[in-house]
Amino acid sequence: MQLLEAPAPDELRGWRVHSWVMVLAGLRGVTETFFIEPTTGTAHPTDWDQYLGIESIWNHMNYYINVQYDTIGENQKYKFEIGKTSQWEYIFPGQDLHDPPRTPPMMAKSADLRSLLQSIAYQDEILEEKNFDLPFSWSLPLKINRYDYDRRFPTGKRVRRYKYTIVEDFCRYLNPDGMVRRITVHYDLKCENVWYIKEKFEDRADLMDSKFFHKETFTVIETFKVGRDDFVREHRYHAHNLGADQWHVIVYEPGKRVDELYKREAGNQFLKNYYQNRSDKKKFTGFTFGPRGNITERLAQPNSRAIEEIVEEFDRDPDKPAADDVASVTFSTWSDEISLQYHTPENRFYGSTRDFIKPPNWWDETQVLQWSPELHSNFELDQFAKPKTELQLYQQLMSLMDIEAQLRNCCRLIEKEVGKFLQVRAKEKSKENQLVKSFLQADEDDTIRARRVQEKAQRRAAVLLKKSDILKDYLEPIICSLGLDKVTNKKQAVRVKEDCMLALKDRLLTQAGYIKENFQKERDILVNTQQMYKSNFTTMTAQDVQDFRDFMVKHMFTAHILEQRLAHLKTHALVQYQELFDRLRQDPRLEPYLI
């Protein structure tokens, strides 16, 4: 078995070149030299068997060649004393940071004249050798266009084979369904018998994120991203049974639905809803279908399944005593029985129960339901509790029957909702173009780019037309305010003209009043500030005086602008009034009646 699982002989073993980070011992508390694999960020010792040899190392100052030929192999034991040229030969002389520091000549205790001159000459040589110019790169600048960059792989697809597994990566928009990764797990090493398949999607209009398919059970699990209108996050079903009455599990985003539903499970003989954080403490509602139930719902379809049993479960409500806090309610529709189970009090092993039997002909709305003691039985945990009266029991039975009728209709609505969801999913899967183009991808698509340019031109034309006088009907508001469709006589034409001129006059007066009001405010501010300056001049500092001057300049400038606007409005008001008068006389709707 081990021979079968062993990888095939590698013809390129020992010929591949890989780079990693080496941390030398000696500085910052590093006691041993180790490697950091850049692809994983994991630290490894220097004798790690995955590295066959070291050709060279470098830093920002120099390049070192490994000359320890006798130790190259799978069991290498390199020495990392970088300062020794017998182990590591550096390329650029005078720039070796790992040489032991030399003692300054003036600090040496036993330095003679000859050693002093040699050290000075050596330093001069180093200074000259540091001015080293590297040649230009022989390769051209790397240029990758957007299309090749988005493809990620030369052919847009990459296949990697692992033990029992095949991983396929695709670039975005290569597959019409938006698949970007597919992981296929097999039973055998030859990867012929599929166990399950996991697919990853991007840019889908239905926001589907992943899909899991089990080959033996034909189970499909679809997950979705946040943002769907129906708040669905997960959908489980059988690939060969897609009907609404088959097995489906739908998981919703918690807290998004109004009914606080977060999970729904449907099957051929059951329908289950799971809730959380509801105000009425309900956590579960289950429906069981079978041949023995009676169909009495007004929302039932001809092919509706008969409901045999309805179960509701509730969480513990701390505000109620356990004897009055219902834990579960069971409606047996085929036997016309209703059973209540109350929560178990503290320091007890079980809780109280209560059973009801529906009166005869309970389904007939024309009948008056009679109460009898045979319709009720109970087990009271507290023997000293005050029993309920027959009126209270009768009212509770009527309330439970109303709840059962509501649950029956709710079941039919849930069936329709499940069927509608499956129809929507079928339409989403059948769409030819179910991908959403990203911004960068849309720029590469000539059709989308041309449509964008056309839409932009249309929006610009619409703005220009809106600003032009062609679409402006300045008389329509006046004519409509008089209750007219169009002008038909001289009296109506004169009234329209006068109202239009009056509207212009009112607008100009309103604008002038607004400017005067703001101008008066600025003048009041200037006067008040001037008076404050005169009264506090002796106690003001140089900074206060500068602030006062800046404040006065600012408001004087504002007052000057308002004064100019008011003068301009007075000058051009008569011109606008005359232009509107001439325009009204030439308007084709008023001209025949104003001659």
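The chain appears in an unreviewed UniProt entry as Dynein regulatory complex subunit 7 from Elysia marginata. Here is the UniProt Subcellular location (unreviewed entry) comment for the chain, exactly as written: "Cytoplasm, Cytoskeleton".

Enquirer: Would you take a moment to explain the sheet that holds strand β3 (residues 43-45) for this structure?
Expert: Paired through backbone hydrogen bonds, the strands of a sheet run either parallel or antiparallel to each other. Spatial ordering of the open sheet is given by β1-β2-β3, a layout of three strands whose pairing is antiparallel. Since the sheet does not close on itself, it has two edges, and those belong to β1 (21-23) and β3, each with one partner. Going from strand to strand, the sheet's axes swing by 35 degrees on average, the running direction of each strand aside. In the sheet, strand β2 (residues 34-36) pairs with β3 via three bridges, with the strands oriented antiparallel.

Enquirer: Is there a simple way to explain the sheet that holds strand β6 (residues 88-90) in this structure?
Expert: A sheet is described by the order of its strands in space; here three strands give the open sequence β4-β5-β6, paired in antiparallel fashion. The outermost strands of the open sheet, each flanked by one partner alone, are β4 (56-58) and β6. When strand polarity is set aside, the average angle formed by the axes of neighbouring strands in this sheet is 25 degrees. When β4 meets strand β5 (residues 63-66), the two strands line up antiparallel, connected through three bridges. Bridge pairing links S56 to I65 in β5.

Enquirer: Looking at this structure, how should I read the packing of helix α8 (residues 490-535) against helix α9 (residues 542-586)?
Expert: Each pair of packed helices gets described by two things: the angle between the helix axes and the distance between those axes. Contact geometry for α8 and α9: axes closest at 9 Å, N-to-C directions at 165 degrees. As summarised for this structure, α8 and α9 are arranged roughly antiparallel, according to the angle between their axes. The element α8 and its partner α9 pack so that their crossing is left-handed. Partitioned by chemical class, the residues of the contact of α8 with α9 number 23 nonpolar, seven polar and seven charged.

Rules used in this analysis
Along each chain, the written sequence defines residue order, and numbers are assigned to residues from 1. This being a predicted model, a pLDDT of at least 70 is required before a residue's local features are given, and a value of 80 or more before pairs of side-chain atoms are given or counted; all residues contribute to the totals for chains, interfaces and linings. Excluding hydrogens and water, the side-chain values take into account all heavy atoms of the structure. UniProt positions are given in the numbering used here, feature names are shortened, and annotations may be inferred rather than shown by experiment. Any two strands are treated as partners once DSSP identifies two or more bridges connecting them. Secondary structure elements follow DSSP: runs of H or I of four or more residues count as helices, runs of E of two or more count as strands, with numbering from the N terminus. A fitted line through C-alpha atoms represents every axis, and for helices the fit uses only the stretch in contact; the resulting angles, taken between N-to-C directions, go from 0 to 180 degrees. With respect to orientation, any angle under 35 degrees is reported as roughly parallel, any angle over 145 as roughly antiparallel, any angle of 65 to 115 as roughly perpendicular, and every other angle as oblique. Helix crossings are classified by the rotation of the near helix relative to the far one: an anticlockwise turn of less than a right angle makes the crossing left-handed, while a clockwise turn makes it right-handed. All amino acids are sorted into three groups, where Ala, Val, Leu, Ile, Met, Phe, Trp, Tyr, Cys and Pro are nonpolar, Asp, Glu, Lys and Arg are charged, and the leftover types, Gly among them, are polar.

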